[in-house]
Amino acid sequence: MESTSGWIQRTHTCGDLRKTHAGQKVVLNGWVESLRDHGSLRFIDLRDRYGITQVILDVNGPYQQVLPDLRPEYVLSVQGKVRIRPDGMANPRIETGEVELVAEGCQILNPSRTPPFEIAELAAADQNEEIRLKYRYLDLRRRTVQKNIQLRYRVTRAIRNFLESEGFLDLETPFLTRSTPEGARDFLVPSRLQPGNFYALPQSPQLYKQIYMIAGFDRYYQIARCFRDEDLRADRQLEFTQVDIEMAFVKENDVISLVDRLLARVFKEILGKELRLPLPRLSYDEAMSEYGKDAPDVRFDLKLFDLTEAVKGLDYQVLKKAIAGGGSVRGLCLSGGKTLSRKEIDQGEELVKRAGAKGLLWLKLESDGPKGPFAKFLDPEALHRLRAAAQASTGDLILMVADQDRIALTSLGLLRLDLGRRLNLIDPSRSELLWVVDFPLVEWNEEEKRWAACHHPFTSPKEEHEELLSKDPGRIRARAYDIVYNGFELGGGSIRIHRQDVQQALFDVLQITKEEAQQKFGFLLDALSYGAPPHGGIALGLDRFVMLLAGAETIREVIPFPKTASGTCPMTGCPGPVSELQLRELRLRLEPGAGPAPPGGAGELVSK
RNA sequence: GGUGCAUUGGUGUAGCCAGGCAGCAUGCCGGAUUGUCGAUCCGCCGGCACGGGUUCGAUUCCCGUAUGCACCGCCA
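Residues numbered from 1 in each chain as written. Chains lettered and ligands numbered in written order. Predicted model: local features only at pLDDT ≥ 70, side-chain atom pairs only at ≥ 80, totals over all residues. Heavy atoms only, no water.

(A) A look at the side chain of Thr554. You can see Thr554 is positioned in the loop between helix 14 (542-550) and helix 15 (580-585). Here Arg556 takes part through its backbone nitrogen, which lies 3.0 Å from a polar atom of the side chain of Thr554. Every residue in contact with Thr554, bar those within four places of it in the chain, is listed here: Ala234 and Met547. (Helix = DSSP H or I, 4+ residues; strand = E, 2+ residues; numbered from the N terminus. Polar contact = N/O pair within 3.5 Å; in protein donor to acceptor, adjacent residues only side chain to side chain. Contact = heavy atoms within 4.5 Å.)

(B) Main features of the state of the cysteines. One pass over the structure, following the stated rule, counts zero disulfides. The thiol sulfur of Cys226 is not disulfide-bonded, and the nearest other cysteine sulfur, from Cys574, lies at 18 Å. (Disulfide = S-S within 2.5 Å.)

(C) Representation of the environment of Glu432 within the structure. One can find Glu432 in the loop between helix 11 (405-422) and strand 17 (433-437). Judged by relative accessible area, which is 23%, Glu432 ranks as partly exposed. Polar contacts involving the side chain of Glu432 include one to the side chain of Arg430, which spans 2.9 Å. (Buried < 20%, exposed > 50% of the residue type's maximum accessible area, 1.4 Å probe, protein only.)

(D) View of the side chain of Ser283. With respect to the secondary-structure elements, Ser283 resides in strand 11 (residues 281-283). Taking the relative accessible area as the measure of exposure, Ser283 reaches 16% and is therefore buried. With residues up to four places along the chain from it excluded, the contact list for Ser283 reads Val436, Val437 and Asp438.

(E) Layout of the domain arrangement of chain A. Domain assignment breaks chain A into domain 1 (19-110), domain 2 (146-282 + 433-558), domain 3 (301-422) and domain 4 (576-608). Its C-alpha centre places domain 2 at a distance of 35 Å from the equivalent point of domain 4. In this assembly, five residues from domain 2 lie in contact with four residues from domain 4. With both sides pooled, the region where domain 2 packs onto domain 4 buries about 380 Å², and carbon together with sulfur makes up 77% of that total. Of all residues in domain 2, Pro190, Arg192 and Pro195 give up the largest surface area on contact with domain 4, accounting jointly for 81% of the area buried on that side. (Domains from an automatic or database assignment. Buried area = accessible area lost by both parts, 1.4 Å probe.)

(F) Spatial organisation of the nonpolar core. Counting 56 residues, the largest nonpolar core has Leu399, Leu415 and Leu506 as the members making the most contacts within it. Two domains each donate at least three residues to this core, and these are domain 2 (146-282 + 433-558) and domain 3 (301-422). Apart from the residues lying within four places of it in its own chain, the contact partners of Leu399 are Arg330, Gly331, Leu332, Ile345, Leu360, Leu361, Trp362, Leu412, Leu415 and Leu419. Formed by 45 residues, the second largest nonpolar core is a distinct cluster that contains Val155, Val250, Leu262 and Ile555. (Core = buried A, V, L, I, M, F, W, Y, C linked by side-chain atoms within 4.5 Å.)

(G) Local environment of the protein's contact with RNA strand B. The environment of RNA strand B is formed by 51 residues, the closest being Met89, Arg93, Asn128, Ala453 and His455. Contact distances for RNA strand B include 2.8 Å between a base nitrogen and a side-chain N or O atom of Gln54. Measuring from a base nitrogen of RNA strand B, one finds a side-chain N or O atom of Arg85 at 2.7 Å. Elements supplying a minimum of two residues to the surface near RNA strand B: strand 1 (25-37), strand 2 (41-48), strand 3 (51-58) and helix 1 (129-134). Among the residues forming the surface near RNA strand B, the class breakdown is 16 nonpolar, 17 polar and 18 charged. (Near = heavy atom within 4 Å. Nonpolar A, V, L, I, M, F, W, Y, C, P; charged D, E, K, R; others polar.)

(H) Quick peek at the packing of helix 6 (residues 284-291) against helix 11. The N-to-C vectors of helix 6 and helix 11 enclose an angle of 65 degrees; their axes lie 8 Å apart at closest approach. Each of Tyr284, Met288, Ser289 and Tyr291 in helix 6 lies in contact with helix 11, whose residues at this interface are Arg406, Leu409, Thr410, Gly413 and Arg416. Here the residues of the contact of helix 6 with helix 11 sort into four nonpolar, three polar and two charged. (Axes fitted to C-alpha atoms, helices over the stretch in contact; angles between N-to-C directions.)

Listed below in structure tokens is the structure:
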């Protein structure tokens, strides 16, 4: 194509050139990755998204007027001839390393200020994150970051290709919607046309995708942005992305096997790994009693055991009290763990205490008998029962928590993970995926003295449990399922309620009043009354998925423009103040004390 | 809302426990250099987040603030 603005466009990218191009005249456009000045000879590594090509400039070349000016990150157009590098000069570290471009022309398309940090591939990897985010456009030039962002694209493409081959339609849903009770805090958007009223940004497209099902679009998907105004974490951002899927005329197995195949496709395409299908399933109760977590990391064993029966009748207060109070004694057995120091055990105790346990009991199975705070209360028979129940042998360490079931299990679940990490029991090269099924439908919220939905208030109870809605909600199991990847909840879904009477009954359990339900979800209840098909679906956390596939520590590494832990963006300085006029148009007034960020904050960073 | 850790030239760090000239690397700037590829060699410039306290003296100790990160609460 003819250039109209005086600069010469590339014929190839910086990742293209090989031996076969030798002798050809080519043009490259790109950034200066590094400069090596040998006086009368100058090497430039020219970079673009496709790779790096070495360019050779001669001090006597027809471009000598630009030579003194060249600096890292300048944007260049280089014309020249491709040459095979002299013997022994090839660079096997780059794909174009067997050739080089001997420059015959070189123009600076744009200079660059000195970057605040190095972009070059081998530059220090642990760059301060705040600076990286402030200059995200530079950070995104770095090879490793580019790889993560491109990986994200390849993952979404694989997902789209798969779902579309399965007949799913990619359908949009509004960003400006209605605030709903339950769930996370909404992001609110004031309405100018309806002063005093607010839109909410969607926490997920949940209700819309159900409406699509009722409307007959029986296979929907969307790579959807979701918004939740809650505190951030390494794996949580204010806005995040879900692979949102919904299907009509399906039961649990249809959704689960679809996602099985979807994941298998992604693992094949991205990691080259074959997943064995169907993925294993664990009931919620099994997951909790064996791993102490509803999203277990099964890359290592170290399962929890119920030791209640084994220690029942022992004259040891801690145990007696817990059992008498309706609780249980749970434990795990660390093979060869007798070498654990007292300090390490104390650290473990700290951990379980933070999870609400009163303490950590331990028993070392030495060859000359058991050692530990309650060893002397153990008669030979009880010791035998305990060893059997914990599948322990001599040299092992049994760690126990005696408490209410939930506390005993969750605290040991945390301890299990901590031990797994600290003792290197986890093989990081493994990818373990599994389904957790048969979740409870609702959970008692002690603070608010009411039942709350475990998944969301549109989740269908198991049919045989429907009658329990009015009698014993805690015993109801839901038609819900979570997919777990290396101990992370990758996604979750359910078969939805498609009958108005059941939906109403669940709202009653959740103490959502008729008025409130009518006001907030009236449209859904109405829709359910016009012939809603049985339907269900799932939402996968794309950010977490890509993070795990990339082997990254935080989802910020796979999100092009993430926010800091306090919800700010060092690059744009958002959130920022708005003008008096904007507020007046919305009929909003700020409280005294609320207002623009103080100087020295993120806003200030940007103005420099 | 809470807890912990951190903040030292442009960037990444040492020094802080045990108070007394702030060191290293890289980048920047200048010079040398014909086969480098994290080029090399020589030289130069540049810094203790902010506010208060203790002290003869604070980068160092104490308190507060700000910012970042991790975690708890929170996230159906």
